[in-house]
Amino acid sequence: MTDGTLARTRLGTGGPEVGVQGLGCMGMSAAYGPTDAGEARATLERALELGVTLYDTADAYGAGANERFLAPFLKAHRDEVAVATKFALTIPPDDPTRRIIRNDAPYVRRAVEESLRRLDVDVIDLYYMHRRDVDVPVEETVGVMADLVREGKVKHLGLSEVTGGELRAAQRVHPIAAVQSEWSLFSRDIEAGVVPAARELGAALVPYSPLGRGFLTGSFADADTDLTEGDFRRQLPRCTGSNAAANAALLEPVRAVAAGHGATVGQVALAWVHQQALVHGLAVVPIPGTRSRTRVEENTAATRVVLTDGEMALLEPIASQVAGNRYDDMALTSAGRE
Ligand SMILES: NC(=O)c1ccc[n+]([C@@H]2O[C@H](COP(=O)([O-])OP(=O)(O)OC[C@H]3O[C@@H](n4cnc5c(N)ncnc54)[C@H](OP(=O)(O)O)[C@@H]3O)[C@@H](O)[C@H]2O)c1
């Protein structure tokens, strides 16, 4: 990284080479309040100029709207970027608090065809199982995913929110290029079992919500009062009420470290995630989400912030002090099954 663009790394032993930071596209169509489509499109382009090449979406984001939104950008830059999408999760529009999880073969086969059509691509670069349906053996689902690779519909496989044991079982069926899970200064449960398994098997870690869904930037303090109605963060225990007030105080050491670097709080949060690659000895490609060009510039610049051992030590206790779970229903996370 000498020209200001991102360094690159490989996802898994045989996976694609991508910029060390990706772009989370969910908020461009769903979950985080009203969006400006023009600015979001410009953000996709700006990210690419800065060396971002991994673009993350899912069929669940806006019930297909986010995949459709990405299609023209992918058409214009198909050979320059890798698109990652996911199956398994449906959020019923009439009840956005509900989650329907499906991992069975007919569902996966239908889901991939629909994602290919909405993205308007011939092949998906990285196809993730978004959530685990415990009624279907993981080997069975990954077996179908492996068939999709053989059929040329998908290039590489990923799993989201799986346990270390589930990852090992999956890897016996087909190489897993990437595990996507929440990992940030506030969410470190995956370090117990998932991260060691990924390192052992040669899979990359793709941390989602590395900015704690925005909380770690200080851009909101209480989802109930600061965010619009329908914003998904109002469902998250740690983002609201007395939990949020307690958690806001945890940003103080992050602010102190940021001041020392002339950086923002969010940049220190991202730098901490990037530094986990060295701490744990595996490829780590966080996918912070933003809909704005200035923020994608700020977020990619975070890869140039290197924290000292003393700063890492100062930040170390934060996660254990966070009030409230990262989801309302932890059964759908790896930590809920480990
Ligand atoms: N596998 C899964 O289950 C799963 C779950 C959640 C998310 N994801 C993926 O991970 C991606 C990232 O996670 P996320 O979007 O939930 O959380 P995140 O990246 O931690 O935070 C995104 C939030 O932070 C704000 N933000 C970003 N950069 C900022 C900056 N420099 N200063 C101030 N605010 C900033 C964004 O607002 P603006 O957009 O307004 O800038 C947005 O509200 C998603 O887009 C999605 O692709 C996957």
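Residues numbered from 1 in each chain as written. Predicted model: local features only at pLDDT ≥ 70, side-chain atom pairs only at ≥ 80, totals over all residues.

Caption draft 1: Summary view of helix α11 (residues 293-301). Where α11 is concerned, the buried positions are R295, V296, N299 and T300. The buried side chains of α11 occupy one side of the element, clustering within an arc of 130 degrees when seen end-on. For α11, the secondary structure elements touched by its buried residues are β3 (23-24), α1 (37-49) and α10 (265-280). (Buried ≥ 20, exposed ≤ 12 C-beta atoms within 10 Å, placed from the backbone. Helix = DSSP H or I, 4+ residues; strand = E, 2+ residues; numbered from the N terminus. Arc of directions from axis to C-beta. Contact = placed C-beta atoms within 7 Å.)

Caption draft 2: Looking closely at the site of the ligand. Taken together, 29 residues surround the ligand, and among them G24, Y208, L211, G214 and G289 come closest. The element best represented in the shell around the ligand is α11, accounting for three residues. A per-class count over the shell around the ligand returns eight nonpolar, 15 polar and six charged. (Near = placed C-beta within 6 Å. Nonpolar A, V, L, I, M, F, W, Y, C, P; charged D, E, K, R; others polar.)

Caption draft 3: Layout of helix α4 (residues 138-150). If you check α4, its first and last C-alpha atoms are 18 Å apart, about what 13 residues at 1.5 Å a residue would give, namely 18 Å. Three or more residues of α4 are buried, namely V138, T141, V142, M145 and L148. One side of α4 carries all its buried residues, which in axial view fall inside an arc of 100 degrees. Each element contacted by the buried residues of α4 is listed here: α3 (105-119), β8 (124-129), β9 (154-160) and α5 (164-171). G152 occupies a position one or two residues after α4 and carries a positive phi of about 80 degrees. (Expected span 1.5 Å × (residues − 1).)

Caption draft 4: Examining the nonpolar core more closely. Residues L167, V179, A204 and V268 are the most contacted members of the largest nonpolar core, which totals 100 residues. Top element by residues in this core is α10. It accounts for seven residues. Discounting residues that sit within four places of it in the chain, V268 has contacts with V254, V257, A258, H261, A263 and V305. (Core = buried A, V, L, I, M, F, W, Y, C linked by C-beta atoms within 7 Å.)

Caption draft 5: Just the packing of α1 against α11, in detail. Contact pair α1 / α11: the axes reach a minimum separation of 8 Å and the direction vectors enclose 30 degrees. By the criterion of interaxial angle, the relationship of α1 to α11 is roughly parallel. In this structure, the crossing between α1 and α11 has a hand that is right-handed. Residue-level inspection shows A42, T43, R46 and A47 of α1 in contact with α11, the latter providing R293, V296 and E297. (Axes fitted to C-alpha atoms, helices over the stretch in contact; angles between N-to-C directions. Parallel < 35°, antiparallel > 145°, perpendicular 65-115°, else oblique. Left-handed = near helix turned anticlockwise from the far one by under 90°.)

Caption draft 6: Expanded view of the pairing of β9. Counting buried positions along β9 gives six out of seven residues, so the element sits mostly inside the fold. Where β8 and β9 come together, five bridges link them in parallel fashion. Bridged to I124 within β9 is V154. Assessed by its sense of winding, the connection that carries the chain from β8 through α4 to β9 is right-handed. (Pairing = 2+ DSSP bridges. Right-handed = clockwise from strand over helix to strand, strands pointing away.)

Caption draft 7: Unusual backbone geometry, seen in detail. Its identity is not glycine, yet A31 carries a phi of approximately 80 degrees, on the positive side. Within the secondary structure, A31 sits in the loop between β3 and α1. For A31, a count of 21 C-beta atoms within 10 Å translates into the label buried. Unusually for a residue other than glycine, A63 sits at a positive phi of about 50 degrees. You can see A63 is positioned in the loop between β4 (54-56) and α2 (65-76). A tally of 14 C-beta atoms within 10 Å means that A63 is categorised as partly exposed.

Caption draft 8: Representation of the UniProt feature "domain: NADP-dependent oxidoreductase" (unreviewed entry) in the protein chain in the model. Per the UniProt record, "domain: NADP-dependent oxidoreductase" (unreviewed entry) is annotated on residues 22-316. Counting secondary structure, residues 22-316 comes out at 42% helix and 13% strand; the distance between its end C-alpha atoms is 24 Å. (UniProt positions renumbered as here; feature names shortened; annotations may be inferred.)

Caption draft 9: Looking closely at the packing of α2 against α3. Where α2 meets α3, the axes come as close as 7 Å, and the angle between the chain directions of the two elements is 50 degrees. Judged by the angle between their axes, α2 and α3 are oblique. Where α2 abuts α3, its residues E67, R68, L70, A71 and L74 lie against S115, R118 and L119. Residue classes in the contact of α2 with α3 are distributed as four nonpolar, one polar and three charged.

Caption draft 10: Structural context of the environment of G262. Along the polypeptide, G262 turns up in the loop between α9 (252-261) and α10. By the C-beta count within 10 Å, which is 8 here, G262 ends up exposed. A sequence separation of 43 residues divides G262 from V305, and the C-alpha atoms of the two residues are 9.6 Å apart.

Caption draft 11: Layout of the pairing of β8. Of all the six residues making up β8, six are buried; the element is thus mostly covered by neighbouring parts of the structure. As paired strands, strand β5 (residues 82-87) and β8 are joined by four bridges and run parallel to one another. Across the sheet, the residue bridging to A84 is L126, located in β8.

Caption draft 12: Layout of the sheet that holds β3. Taken in spatial order, the seven strands make up an open sheet running β3-β4-β5-β8-β9-β10-β11, and their pairing is parallel. Strands with a single pairing partner mark the edges of an open sheet, and in this sheet they are β3 and β11 (204-208). In the sheet, strand β10 (residues 178-182) pairs with β11 via five bridges, with the strands oriented parallel. Bridging across to β11, A178 finds its partner in A204.

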